[in-house]
Amino acid sequence: LTWLPVARGLEHVASAAPRLEKLKLAFYAEDAVWSGLEEEEWDGAPPPLSDWLRSLKHPNLTCLDLSDCDWGDWGAGLLSGLRGAHLPRLIELNVSMDPEYAEQCAGVDNRSVVHLARNFPRLQSLDLEGNHQVGNKAVKALAEHCSGLVTLNLQRTSIRDDELVVWLPKLPKLMRLAIGDDCFG
């Protein structure tokens, strides 16, 4: 399995489906190893999944669902690839982590959420469930940059209630908030 066809495929999503509004990507790090790309060949660096995300240029995409992605140990770095994506209408992002993989994978961290908040200030819905490295800095960034959030899922993250209460008033449109089940904090 080579990464190039998938990267090229994402580069052409806009032209192939110009009216596409919702996109769900699935990637499992284990499958890449099973497909003949040995972990040693990655040489400790992530495969160019961040390049795939960076190559997303789609003017109509409003929803991106990465919840079925097992990023292995590189979740935070790979997701930072969204910084270069051109998704001007993106309002819904799901990067929730399956409980089965949550303890094994790095997932999304504070730094990733800060980048997301700065680059996608129009977000209205964000699902961070299960990303145990997401903490208070993430909530602060969301409150400062994404004041239009309507739905926010912070279940099974490391966000403390006392910090959350400080930043909630800066999210005046928030109607749905999921918190709790903090088994990592």
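Calculation rules
Residues numbered from 1 in each chain as written. Predicted model: local features only at pLDDT ≥ 70, side-chain atom pairs only at ≥ 80, totals over all residues. Heavy atoms only, no water. Helix = DSSP H or I, 4+ residues; strand = E, 2+ residues; numbered from the N terminus. Buried < 20%, exposed > 50% of the residue type's maximum accessible area, 1.4 Å probe, protein only. Contact = heavy atoms within 4.5 Å. Areas by Shrake-Rupley, 256 points an atom, 1.4 Å probe, with all protein chains shown as cover. Core = buried A, V, L, I, M, F, W, Y, C linked by side-chain atoms within 4.5 Å. Salt bridge = Lys/Arg side-chain N within 4 Å of Asp/Glu carboxyl O. Polar contact = N/O pair within 3.5 Å; in protein donor to acceptor, adjacent residues only side chain to side chain. pLDDT = per-residue confidence, 0-100.

Student: Looking at this structure, I do not really get the overall build of the chain. What am I missing?
Tutor: Scanning the chain from N- to C-terminus turns up 10 helices and six strands. Taking all 185 residues of the chain together, the buried fraction comes to 49%. Considering only intrachain contacts with a sequence separation of at least 6, the fraction spanning at least 24 residues in the chain is 83%. Here the chain displays about 9300 Å² of accessible surface, and carbon together with sulfur accounts for 50% of that area.

Student: What exactly am I supposed to notice about the environment of Leu93 here?
Tutor: Along the chain, the position of Leu93 falls in strand 3 (residues 92–94). Among the residues examined, Leu93 registers a relative accessible area of 1% and is labelled buried. Here the alpha-carbon distance between Leu93 and Leu126, two residues 33 residues apart in the chain, equals 5.0 Å. Contact partners of Leu93, with chain neighbours within four places excluded, come to Leu64, Leu82, Leu116, Leu123, Ser125, Leu126 and Asp127.

Student: Is there a simple way to explain the nonpolar core in this structure?
Tutor: Among soluble globular proteins, nonpolar side chains are generally buried collectively. Among the nonpolar cores identified, the biggest contains 36 residues, and Leu64, Leu82, Leu87, Leu128 and Leu142 are the most heavily contacted of them. Among the elements that make up this core, the one with the highest residue count is helix 9 (residues 136–145) (five residues). Apart from residues no more than four positions distant in its own chain, Leu142 is found in contact with Val113, Ala117, Leu126, Leu128, Ser147, Leu149, Leu152 and Leu171.

Student: Mind showing me how you'd approach unusual backbone geometry here?
Tutor: What you tend to see is this: most non-glycine residues have negative phi, and most peptide bonds are trans. We note that Arg156 has phi near 55 degrees; this positive angle belongs to a residue other than glycine. The exposure class of Arg156 is buried, given its relative accessible area of 7%.

Student: Got a minute to help me understand the pattern of salt bridges in this structure?
Tutor: Side-chain pairs of opposite charge can arise whenever the charged atoms involved come near each other. Tallied over the entire structure, the rule returns five salt bridges. Between Lys24 and Asp65 there is a salt bridge, and its shortest N-O distance comes to 3.3 Å. Here Asp65 lies in strand 2 (residues 63–70) and Lys24 lies in strand 1 (residues 22–28), a separation of 41 residues in the sequence. For Lys24, a relative accessible area of 46% gives the class partly exposed. Note that Asp162 and Arg160 form a salt bridge whose closest N and O atoms lie 3.2 Å from each other. Several salt bridges converge on common partners, so that one network encompasses Arg160, Asp162 and Glu163.

Student: In this structure, what is going on with helix 8 (residues 110–119)? I would like to understand it.
Tutor: Each α-helix turn comprises 3.6 residues. Residues three or four places apart therefore point the same way. For helix 8, the tally of buried residues reaches seven of 10 residues, placing the bulk of the element in the interior. The backbone nitrogen of Arg111 lies 3.3 Å from a side-chain oxygen of the residue at the head of helix 8, namely Asp109.

Student: Is there a simple way to explain helix 9 in this structure?
Tutor: Every buried residue belonging to helix 9 is among Asn136, Ala138, Val139, Ala141, Leu142 and Ala143, and all of these are buried. Summarising the contacts, the buried residues of helix 9 are in contact with helix 8, strand 4 (125–127), strand 5 (151–153) and helix 10 (161–167).

Student: Explanation requested: the environment of Thr62 in the structure shown.
Tutor: Along the polypeptide, Thr62 turns up in the loop between helix 5 (49–54) and strand 2. Measuring from C-alpha to C-alpha, the distance between Thr62 and Leu87 comes to 7.7 Å, with 25 residues separating the pair along the chain. Setting aside residues no more than four positions away along its own chain, Thr62 makes contact with Glu21, Arg89, Leu90, Ile91 and Glu92.

Student: Sorry if this is basic, but what is going on with the confidence of the model for the chain here?
Tutor: Detailed reading of the predicted model is not advised wherever pLDDT is low. Mean pLDDT over the chain: 77, with 64% of residues reaching 70 or higher. Across residues 1–5, confidence stays below pLDDT 50; counting only partners more than four residues off in sequence or on other chains, it has nine contacts. Taken as a whole, residues 30–40 scores under 50 in pLDDT and shows 13 contacts with residues more than four places along the chain or in a different chain.

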